[in-house]
Amino acid sequence: MKSHVIPVKNIGKLSEASESLLTRTPGTPGIGLIFGDSGLGKTTATAWFVSQCNGVYVRALSTWTPSAMLLAILRELDVAPVKLRAASMVNQIVDVLRATGRPLFIDEFDYIIEDKKMTETLRDIHDISSVPIVLVGMDGVKQKVQLRDQFVNRIAQWVEFKPVDFEDCQLLSRSLCEIMIKTELLKKLFEASKGVIRLIVIGLDVIERKARTMGFSEIGSEQWGNANFFLSDPPKAKKQGGH
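Throughout this document, residue positions are counted from 1 along each chain, in the order its sequence is written. For this predicted model, a pLDDT threshold of at least 70 governs which residues receive local features, and a threshold of 80 or more governs which side-chain atom pairs are given and counted, while totals over whole chains, interfaces and linings are taken from all residues. No hydrogens and no water enter the side-chain calculation; it runs on all heavy atoms of the structure.

1. Describing the overall build of the chain
No. 1: When its secondary structure is counted, the chain shows twelve helices and seven strands.
No. 2: In terms of overall dimensions, the chain has a C-alpha envelope of 65 × 50 × 30 Å along the principal axes.
No. 3: Type-normalised accessible area, obtained with a 1.4 Å probe on protein chains alone, sets the label of each residue: buried when under 20%, exposed when over 50%, and partly exposed for intermediate values. Per-residue burial over the chain gives 44% buried out of 243 residues.
No. 4: When contacts within the chain are restricted to residue pairs at least 6 apart in sequence, long-range pairs at least 24 apart make up 74% of them.
No. 5: About 13,200 Å² of surface is accessible on the chain, with carbon and sulfur atoms providing 51% of the total.
No. 6: Counted as positive: Lys and Arg. Counted as negative: Asp and Glu. His and the chain ends are not counted at all. For this purpose, a charge sits on NZ of Lys, CZ of Arg, CG of Asp or CD of Glu. Here the chain contributes 31 positive and 28 negative side-chain charges, whose respective centroids are spaced 3 Å apart. The way it works is that DSSP assigns letters per residue, a run of H or I at least four long becomes a helix, a run of E at least two long becomes a strand, and they are numbered from the N terminus. Between two residues, a contact is recorded if the distance between any of their heavy atoms is within 4.5 Å. All accessible areas in this document rest on Shrake-Rupley with a 1.4 Å probe, and a residue is counted as covered only by the protein chains that are shown.

In structure tokens, the structure reads:
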């Protein structure tokens, strides 16, 4: 199966928001927030966008402190800290970002929004450098951001990643697979995935591997049978109160 980013509707929304951030009027808010449930392609789409605009990508960790965050950003900028004081590191980051104009991307933003000091530090970097900052988090991060009054006012673009529709599923099949998957089988995969793009891609790969093993250039429900699309079933939740 081929491996490249497919322009599903979520990617289209991200592209439009990104263009708005990169071409905004100087002095206007330049923070974007990408949010949505796990498995909807946020990280893959972000990686694509980072490569398109020569961005600076950092993945937040649960163990981060403000200093750890600043050191991680400096590392991605390939800059050694002159001093390990937060104020000094912020100044270095701002100077490099302002000189290069490179957007800053922070993945797993959920870890940062809980810490007021880290959130305010990012706001300072945005305000002083004027470069776009794109934050990526889970669905619940939107509500948490809205509780930070000074920070939320800097967010110009809200991009919600949603489950893909069947049209997107068909596009993924045509673009990624090197065999033909018949419509009725593709519909079964789509229904089983509930529109989660990660599961659709896994399912497409499993279907293509089986078709190649059987020597088929196309495959439908009759050839597929009752096989599992996702390699293994997810564990079932335990019943409460049972023994």
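2. Describing the environment of R198
No. 1: Within the fold, R198 resides in helix α11 (residues 197-214).
No. 2: C-alpha separation for the pair R198 and S38, spaced 160 residues apart in sequence, amounts to 8.8 Å.
No. 3: Each residue touching R198, except ones within four places of it in the same chain, is listed here: S38 and G39.

3. Here we look at the pattern of salt bridges
No. 1: Whenever a carboxyl oxygen of Asp or Glu lies within 4 Å of a side-chain nitrogen of Lys or Arg, that contact is scored as a salt bridge. Applying the stated rule across the entire model yields twelve salt bridges.
No. 2: Across the pair E108 and R59 runs a salt bridge whose closest N-O atoms are separated by 3.5 Å. Of this pair, E108 sits in the loop between β3 (104-107) and α5 (110-113) while R59 sits in strand β2 (residues 56-59); the two residues are 49 residues apart in sequence, bridging distant segments of the chain.
No. 3: By relative accessible area, which is 25% here, E108 ends up partly exposed.
No. 4: Here R212 ties to E208 by a salt bridge, and the two come within 3.9 Å at their closest N and O atoms. Linking R212 with E208, this pair stays in helix α11, spanning four residues, or about one helical turn.
No. 5: Each of the salt bridges in this network shares a partner with another, and the network as a whole consists of K9, D165, E167 and D168.

4. Digging into the pairing of strand β4 (residues 133-137)
No. 1: Along β4, five of the five residues are buried, which leaves the element largely enclosed by surrounding structure.
No. 2: Of the two faces of β4, the one lined by I133, L135 and G137 and the one lined by V134 and V136 are each fully buried.
No. 3: What makes two strands pair is DSSP finding at least two bridges between them. In the sheet, strand β1 (residues 31-35) pairs with β4 via five bridges, with the strands oriented parallel. Bridging from a neighbouring strand, L33 pairs with L135 of β4.
No. 4: Relative to β4, β3 runs parallel, the two sharing three bridges. The residue bridging I106 from the neighbouring strand is L135, located in β4.

5. Brief notes about the packing of helix α9 (residues 166-176) against helix α10 (residues 183-193)
No. 1: Close contact between α9 and α10 brings their axes to 10 Å; oriented N to C, the two are set at 115 degrees. In this structure, α9 crosses over α10, and the sense of that crossing is right-handed. Residue-level inspection shows F166, C169, Q170 and S173 of α9 in contact with α10, the latter providing T183, L186, K187 and F190.
No. 2: Residue classes in the contact of α9 with α10 are distributed as four nonpolar, three polar and one charged. Comment: axis = line fitted to C-alpha atoms, over the contacting stretch for helices; angle = value between 0 and 180 degrees taken between N-to-C directions. Whether a crossing is left-handed or right-handed is set by the direction in which the near helix is turned from the far one by less than a right angle, anticlockwise for left-handed and clockwise for right-handed. Gly is placed with the polar residues, together with every amino acid not listed as nonpolar (Ala, Val, Leu, Ile, Met, Phe, Trp, Tyr, Cys and Pro) or charged (Asp, Glu, Lys and Arg).

In short, geometric facts, not functional conclusions.
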